[in-house]
Amino acid sequence: MSRRRKGRDVNGILVIDKPQDVTSNGILQQVKRLFGAAKAGHTGALDPLATGVLPLCFGEATKFSQMMLDSDKAYIATARLGVRTETGDSEGAVVEERPVPAGLDAAALEPVLDRFRGAIQQVPSMYSALKHKGRPLYEYAREGIEIERPSRPVTIYELTLLDVREDELDIAVSCTKGTYIRSLVEDIGEALGCGAHVIALRRTMASGFTLADAVPVDRLEAMRERDESLDGLLVAPDAALSMFPEQVLSGPALVSIINGQPVRIPDQLEEGFVRLYGDERFVGLAEAFPEGEVTKLVPRRLVKNG
């Protein structure tokens with residue numbers, strides 16, 4: 001006997017402006033309930049301390065959550081200098097205090113920040129969600145167990161000093177996936193010789209969405225109280241896939257792709273993912289493989305009714 005599905009079919013992406021002191025999963029469950037949606041997921045958790053851009057995927061859009069997770073991100077962070085904590089942020093216990101260098105200003109900070117621009121190696125925090133033997137590292141950390149963590153390559157596209165005060169600095173960061181801002185701030189603190197931790201973090205961009213696209217949760221709650229539909233706030237799944245080139249199909253090629261079959265088209269495309277459209281509708285993602293004068297398209301993620 002098949003289990004009845006709870007909730008209604010909702011398809012699309014909603015960008016939430018995550019508030020502080022709640023988990024990403026907590027926000028996901030709250031918004032899923034407000035929509036009455038059967039299926040939903042987020043595209044990479046923000047720490048409870050952090051606020052800002054949190055794209056949520058519903059229904060067919062969940063098929064593209066991994067691509068969104070792999071996208072570049074941007075943040076604004078405030079660092080407290082002279083204090084290290086267990087977690088690298090203000091939620092952790094203080095483990096060390098050191099004096100902040102006197103006369104710290106933009107001129108003194110720029111050479112230090114420049115060491116962290118471009119391709120760097122970063123050791124993830126023990127208080128991260130990375131898994132070791134099936135368990136997130138933060139679970140080991142809470143048990144007092146230290147796991148050796150190899151450094152990982154990340155790229156800091158932009159690292160801008162926004163403001164510096166006596167024992168605090170504000171930075172804007174644009175980076176690749178997998179970059180830990182807490183680790184970046186800790187490393188900057190070590191380079192300054194005084195240590196540091198994050199006291200405020202706001203994600204300003206993820207999956208191509210910015211704060212201008214983000215909706216506060218209390219707005220959703222107010223709309224539901226007025227019995228207004230929330231569906232108009234959703235954007236189509238392909239709105240998060242603009243980093244991939246577009247390819248329009250028609251005729252037999254379109255039919256074959258929709259049926260999950262690879263096709264060859266008389267176009268010379270670069271290798272990689274492409275967004276597919278047909279009959280003026282988004283069909284899904286395919287992977288392109290150049291073969292001389294033609295390109296083989298292999299369907300990877302297709303939307304229903306595409």
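Here goes a summary of the coordinates provided. (Residues numbered from 1 in each chain as written. Predicted model: local features only at pLDDT ≥ 70, side-chain atom pairs only at ≥ 80, totals over all residues. Heavy atoms only, no water.)

## So, the pairing of strand 18 (residues 281-291)
When a strand is regular, its side chains alternate between the sheet's two faces.
Argument step 1. Of the pairings in the sheet, the one linking strand 17 (residues 272-278) to strand 18 comprises 7 bridges and is antiparallel in character. Looking at strand 18, one finds that Phe-273 is bridged to Glu-287.
Argument step 2. When strand 18 meets strand 19 (residues 294-302), the two strands line up antiparallel, connected through 8 bridges. Paired with Phe-289 across the bridge in strand 19 is Lys-296.
Argument step 3. Between the antiparallel neighbours strand 18 and strand 19 lie 2 residues, among them Gly-292 with a positive phi of about 70°. (Pairing = 2+ DSSP bridges. Helix = DSSP H or I, 4+ residues; strand = E, 2+ residues; numbered from the N terminus.)

## Focus on the sheet that holds strand 17
Argument step 1. One open sheet accounts for 5 strands, arranged 15-17-18-19-16; its pairing is mixed. Either end of the sheet is taken by a strand with one partner, and the two such strands are strand 15 (246-248) and strand 16 (263-265). For this sheet, the mean inter-axis angle between neighbouring strands, taken without regard to orientation, is 45°.
Argument step 2. Along the sheet, helix 7 (residues 251-258) makes contact with strand 16, strand 17, strand 18 and strand 19, crossing strand 19 at roughly 40°. (Axes fitted to C-alpha atoms, helices over the stretch in contact; angles between N-to-C directions. Contact = heavy atoms within 4.5 Å.)

## Comments concerning unusual backbone geometry
Argument step 1. Notably, Asp-21 is not glycine yet its phi reads approximately 70°, a positive angle.
Argument step 2. Mapped onto the fold, Asp-21 is located in the loop between strand 1 (12-18) and helix 1 (24-35).
Argument step 3. You will see that Glu-280, though not glycine, has its phi angle at about 65°, which is positive.
Argument step 4. For Glu-280, the location among the structural elements is in the loop between strand 17 and strand 18.
Argument step 5. On the basis of relative accessibility, which here comes to 83%, the residue Glu-280 falls in the exposed class. (Buried < 20%, exposed > 50% of the residue type's maximum accessible area, 1.4 Å probe, protein only.)

## Focus on the nonpolar core
One broad rule of soluble globular proteins: the nonpolar side chains tend to lie buried together.
Argument step 1. Counting residues in each nonpolar core, the largest one holds 30 residues, and the members touching the most others are Leu-159, Ile-171, Val-173, Ile-181, Ile-188 and Leu-192.
Argument step 2. Counting residues per element, the ones that place at least two in this core are strand 4 (73-81), helix 3 (106-114), strand 10 (152-164), strand 11 (168-175), helix 5 (181-192) and strand 12 (196-206).
Argument step 3. Element by element, the count of residues in this core is highest for helix 5, at 5 residues.
Argument step 4. Setting aside residues up to four positions removed in sequence, Ile-171 forms contacts with Tyr-75, Ile-76, Ala-77, Leu-159, Thr-160, Leu-161, Leu-162, Val-185 and Ile-188.
Argument step 5. Counting residues in hydrophobic clusters, the runner-up holds 19 residues, among them Leu-28, Val-31, Leu-54 and Val-215. (Core = buried A, V, L, I, M, F, W, Y, C linked by side-chain atoms within 4.5 Å.)

## Looking at the packing of aromatic side chains
Any aromatic ring pair is given by two values, namely how distant the centres are and how the planes are angled relative to each other.
Argument step 1. The final tally for this structure, using the stated rule, is 4 aromatic pairs.
Argument step 2. Taking 5.0 Å as the distance between ring centres and 40° as the angle between the ring planes, the aromatic pair formed by Phe-35 and Phe-58 counts as tilted. Taken as a pair, Phe-35 in helix 1 and Phe-58 in strand 3 (residues 51-58) lie far apart in primary sequence, 23 residues in all. Residues Phe-35 and Phe-58 agree in their burial class; the two are buried.
Argument step 3. Ring geometry for Phe-64 against Phe-282: centres 5.7 Å apart, planes inclined by 50°, an arrangement best described as tilted. With Phe-64 in the loop between strand 3 and helix 2 (65-69) and Phe-282 in strand 18, this pair connects stretches of sequence that are 218 residues apart. (Phe/Tyr/Trp six-rings, centres within 6.5 Å; stacked < 30°, edge-to-face > 60°.)

## Remarks on the side chain of Ser-24
Argument step 1. Relative to the helices and strands, Ser-24 resides in helix 1.
Argument step 2. A polar side-chain atom of Ser-24 sits 2.7 Å from the main-chain amide nitrogen of Leu-46.
Argument step 3. If near-sequence neighbours (up to four positions away) are discounted, Ser-24 is found in contact with Lys-18, His-42, Ala-45, Leu-46 and Leu-54. (Polar contact = N/O pair within 3.5 Å; in protein donor to acceptor, adjacent residues only side chain to side chain.)

## Remarks on the packing of helix 1 against helix 6 (residues 217-225)
Argument step 1. At a minimum axis distance of 10 Å, the contact between helix 1 and helix 6 shows a crossing angle of 20°. In terms of their interaxial angle, helix 1 and helix 6 are classed as roughly parallel. Crossing of helix 1 over helix 6 shows left-handed handedness. Between helix 1, through Ile-27, Gln-30, Val-31, Arg-33 and Leu-34, and helix 6, the contact on the second element is made entirely by Val-217, Leu-220, Glu-221 and Arg-224.
Argument step 2. Classifying every residue of the contact of helix 1 with helix 6 by side-chain character gives 5 nonpolar, 1 polar and 3 charged. (Parallel < 35°, antiparallel > 145°, perpendicular 65-115°, else oblique. Left-handed = near helix turned anticlockwise from the far one by under 90°. Nonpolar A, V, L, I, M, F, W, Y, C, P; charged D, E, K, R; others polar.)

## Structural notes on the side chain of Ser-71
Argument step 1. The topology assignment puts Ser-71 in the loop between helix 2 and strand 4.
Argument step 2. When its relative accessible area of 6% is taken as the criterion, Ser-71 is described as buried.
Argument step 3. Here the side chain of Ser-71 touches Ser-207 through a polar contact of 3.1 Å, landing on its backbone nitrogen.
Argument step 4. Sequence-distant contacts of Ser-71, defined by excluding residues within four places in its chain, comprise Lys-177, Ala-206, Ser-207 and Met-243.

## Remarks on the pairing of strand 11
Argument step 1. Of all 8 residues that make up strand 11, 7 are buried, and the element is covered over most of its length.
Argument step 2. Bridging between strand 4 and strand 11 involves 8 bridges; their strand directions are antiparallel. Following the sheet pairing, Ala-74 is matched in strand 11 by Ser-174.
Argument step 3. The sheet contact formed by strand 10 and strand 11 spans 7 bridges and is antiparallel. Bridge pairing links Asp-163 to Asp-170 in strand 11.

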